[in-house]
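Next come the chains, spelled out residue by residue.
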Amino acid sequence: MTDSDQIVDYPLPPVDAIEPPPEWEELRRQCPVAHVRLPSGDQAALLTRYDDVRQVLSDARFARTAEGAARVSAEGAGVFDRRRPGVPQSGDGHQRWRRMITKWFTAKRMAALRPSIEAMADQLVDEMVEHGHPADLKASLGFPLPVWVICELLGVPASDRERFSYWSDTFLNLNRYSAADMEAAQADFTAYMSGHVEAKRANPGTDLLSDLITGTDSAGERLSDEALVSTGMGLLIAGHETTTNMIGKMMAMLLADRDRWEQLLADPALVRTAVEETLRYDANAGFGMMRYVTEELELTDGILPAGTTAICSMASANRDERIFDDAGAMDLSRSPNVHLAFGAGPHSCIGQSLARTELRVVLEVLLRRLPTLALAVPAAELPLVEGLLVGGLREVRVIW
């Protein structure tokens, strides 16, 4: 740990939709392993350099939470403060669980799913255009598209999307909801998904949950009902919340500088690298990922004692000048791009191939359908999401 006695309050306040907190660069340069105080009052270690973040995230020994880990919020009931019942958090059991799920997110499956995602994106753009501008791109496209996709995969009705959104927000609470709100939402969501698992067990379909119900892992073991419910809830939250936010942020970044949008219009083949660069460049990526260090760990920039809760700021790591040339500039053709937006190692994002597919489809459809698309207000005036662990924009007003 750093010898500095200074304790930084975390999370750091965002600047705006595009600009990173100035503290990132200062911490990377002077205090890459920093003492921070969380909203709960508990302390943790904040990692801001690329090599340190990648090392901790890649270490299979450490789970996101454990007995004795720092609590994020005073209520202590958020996504980082509770374990997922029935789902192993680390070790071989966790990897077997991941392998059961990741086969649903292969490149082959994503290619098969892509035409239906594109058709839905076109339909949503049609509806947005019909209602006229200015329009909220996040509400019109960024929210409904990922919800529809993950609901299709899980076999749950997309018509319940407003309930899913509320439940997701409570799980990702920082200081917006009370402990009572969070517990009530957790109970409602658990009951909902328990009923869905029971219905799928009685009448399996061709969706992911039905496959998990009827299948076994590599050790020949079936998932318990408790694990199935936890998995369904986790996928439903992760499958729409992060992509919804990223669609809004991606478009804000690309439209904030007209030259970027014109570059893509002139060369649509840049879509793939442009999506990766928006993931790297994202200055409102949220809280970061937590890991509970169960044994002493030597980093390039210090020692993490056993019992430390480490917060890995992937967004700061993605701006590390030691790794990325001209890290503070947005280069739509940057390749290779070894960003950590989806994490790294055994706990990296299971659905990253799906998220990439959705982001590329959205960008391709908007370039094709609305070449004159522009922000209705300056990027710095776009309202930020507040009170949640995820970064993002409340709305992205656009004209065309």
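Not measured: the values here are computed from a predicted model.

Reading guide: rules and limits
Note that residues are indexed from 1 along each chain, following the sequence as it is written. Where totals are concerned, whole chains, interfaces and linings use all residues; where local detail is concerned, this predicted model gives features only for residues with pLDDT of at least 70, and gives and counts side-chain atom pairs only at 80 or more. To get the side-chain values, all heavy atoms of the structure are used, and hydrogens and water are removed first. Within 6.5 Å between ring centres, the rings of Phe, Tyr and Trp (the latter by its six-membered ring) count as paired, and their orientation is classed by plane angle as stacked under 30 degrees, edge-to-face over 60, tilted in between. Only DSSP runs of H or I covering at least 4 residues are called helices, and only runs of E covering at least 2 are called strands; the numbering of each starts at the N terminus. Relative accessibility under 20% of the residue-type maximum defines a buried residue, over 50% an exposed one, and the middle range a partly exposed one, all with a 1.4 Å probe and only protein chains included. Two strands pair under a simple rule: DSSP has to find at least two bridges between them. Here, residues are in contact when the closest pair of their heavy atoms is within 4.5 Å. Orientation is described by axes fitted as lines to C-alpha atoms, over the contacting stretch for helices, and by angles from 0 to 180 degrees between their N-to-C directions.

1. Considering the packing of aromatic side chains
Logical step 1: Within this structure, the stated rule accounts for 8 aromatic pairs.
Logical step 2: Centroid distance tyrosine 50 to phenylalanine 324: 5.9 Å. Interplanar angle 80°. Geometry classified as edge-to-face. Remark: phenylalanine 324 occurs in the loop between helix H13 (314-317) and helix H14 (352-369) and tyrosine 50 occurs in helix H2 (residues 50-58); sequence separation between them is 274 residues.
Logical step 3: We classify tyrosine 50 as buried; its relative accessible area is 6%.
Logical step 4: Taken together, a centroid distance of 4.8 Å and an interplanar angle of 15° make the contact between tryptophan 167 and phenylalanine 189 stacked. Placement of the pair is tryptophan 167 in helix H7 (residues 161-171) and phenylalanine 189 in helix H8 (residues 179-202), with a sequence separation of 22 residues.
Logical step 5: A relative accessible area of 4% means that tryptophan 167 is categorised as buried.
Logical step 6: Among the residues examined, phenylalanine 189 registers a relative accessible area of 1% and is labelled buried.

2. Quick word on the sheet that holds strand S4 (residues 135-136)
Logical step 1: Judged by pairing direction, the sheet is antiparallel, and its 3 strands sit side by side in the order S4-S10-S9 without closing on themselves. Of all the strands in the sheet, just S4 and strand S9 (374-375) have a single pairing partner and so form its edges.
Logical step 2: Where S9 and strand S10 (residues 397-399) come together, 2 bridges link them in antiparallel fashion. Across the sheet, the residue bridging to alanine 374 is isoleucine 399, located in S10.

3. Digging into the sheet that holds strand S8 (residues 308-312)
Logical step 1: Across the sheet, which stays open at both edges, the 5 strands sit in the order S1-S2-S3-S8-S5 with mixed pairing between neighbours. The outermost strands of the open sheet, each flanked by one partner alone, are strand S1 (8-9) and strand S5 (289-293).
Logical step 2: In the sheet, strand S3 (residues 43-47) pairs with S8 via 3 bridges, with the strands oriented parallel. Note that in S8 the partner of alanine 45 across the bridge is alanine 310.
Logical step 3: Across the sheet, H2 touches strand S2 (33-37), S3, S5 and S8, and the angle it forms with S8 is around 120°.

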